Amino acid sequence: VCYSCGELHCMNPAKAIEIVCAHSPDSDDAFMFYALATKKIRSRTLSFRYVLEDIQSLNRRAIEGEYELTAISYHAYAYVAAKYRLMASGSSIGDGYGPMVIALRPMSAGEIKGKRIAIPGRLTTAYLTLKLFQPDFEAIDIPFDKIPDAVSEGSVDAGLVIHEAQLTYSKGGFHSVLELGHWWKQKYDLPLPLGANAIRRNLAPAVRSEACRLMRASIQY
């Protein structure tokens, strides 16, 4: 990178700039990054090294500015905007669809007040949206993939689930208590912004631009 103009000058294509790309192991991120991770799409000037972590861990690391390109929750962006810019491709948006509260027994949405609810992290959009619906509950931080187990074991009254558990919860014998994406759509008549990809502001403009181009191309692939 030329630091006077901010452009990429690749004198040797074998010496592409490597940046760390961090995302969660859930299926939508795997879909978005598939073409890049499997080298179906390549760049002469930029390459990626991949790190997989749960979304709450990624949110916390983004606060420290640890990874050059990272998936984050939209809720978390308020805390990292000084370090990162949102990318134009790769957001997860729920139109009448989103995080869910599940329980072992049938329960009305009004009954969650004061309950112990497992959440996937306090920087997740799921947590923020649930707090907007019902501020009065006891949040218990549990990794997102362990939340159904916590509900099943009875260590919590209900669980706030994201990713695949939104689709598979009934197979585990759970009941849907609240569909937050549906509630958001009814209340605001807007899609619910859930997750995004963000890139560090201190990268050269040409690096950011190339990363955004590759992200879009990977999704289109």
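The structure under discussion appears in the preceding block.
Below you will find a few notes about this structure. Fair warning: this is a prediction, and the values are worked out from it, not measured in the lab.

Next up on the list: helix H2 (residues 55-64). Those residues of H2 lying buried are Ile 55, Gln 56, Ser 57, Leu 58, Asn 59 and Ala 62. In this structure, the buried side of H2 is in contact with strand S1 (17-23), strand S3 (69-73), helix H3 (74-80) and strand S4 (84-86). Measuring from the backbone nitrogen of Gln 56 back to the side-chain oxygen at the start of H2 gives 3.2 Å, which picks out Asp 54 as the cap. Where H2 terminates, the next one or two residues include Gly 65, which has phi positive at roughly 70°.

Counting residues in hydrophobic clusters, the biggest one holds 28 residues, and the most contacted among them are Val 101, Ile 112, Ile 117, Leu 130 and Leu 160. Of all the secondary-structure elements, those providing two or more residues to this core are S1, H2, strand S6 (100-103), strand S7 (116-119), helix H4 (125-133), strand S9 (158-161), strand S10 (175-179) and helix H7 (180-188). What Leu 160 contacts, discounting residues up to four positions off in sequence, is Pro 99, Met 100, Val 101, Ile 117, Ala 118, Ile 119, Pro 120, Ala 126, Tyr 127, Leu 130, Ile 147 and Leu 180. Counting 19 residues, the second largest nonpolar core, distinct from the first, contains Ala 35, Ile 41, Leu 203 and Val 207.

Turning our eyes to something else, we now look at the packing of H4 against H7. Between two packed helices, both the angle of their axes relative to each other and the distance between the axes serve to describe the pair. Their axes nearest at 11 Å, the elements H4 and H7 cross at an angle of 55°. Compared by their axis directions, H4 and H7 come out oblique. In this structure, H4 meets H7 at a crossing whose hand is left-handed. Of H7, the residues touching H4 (which contributes Ala 126, Thr 129, Leu 130, Leu 132 and Phe 133) are Leu 180, Trp 183 and Trp 184.

Parameters and conventions
- Residues numbered from 1 in each chain as written.
- Predicted model: local features only at pLDDT ≥ 70, side-chain atom pairs only at ≥ 80, totals over all residues.
- Heavy atoms only, no water.
- Buried < 20%, exposed > 50% of the residue type's maximum accessible area, 1.4 Å probe, protein only.
- Helix = DSSP H or I, 4+ residues; strand = E, 2+ residues; numbered from the N terminus.
- Contact = heavy atoms within 4.5 Å.
- Polar contact = N/O pair within 3.5 Å; in protein donor to acceptor, adjacent residues only side chain to side chain.
- Core = buried A, V, L, I, M, F, W, Y, C linked by side-chain atoms within 4.5 Å.
- Axes fitted to C-alpha atoms, helices over the stretch in contact; angles between N-to-C directions.
- Parallel < 35°, antiparallel > 145°, perpendicular 65-115°, else oblique.
- Left-handed = near helix turned anticlockwise from the far one by under 90°.

Keep in mind these numbers describe shape, not what the thing actually does.
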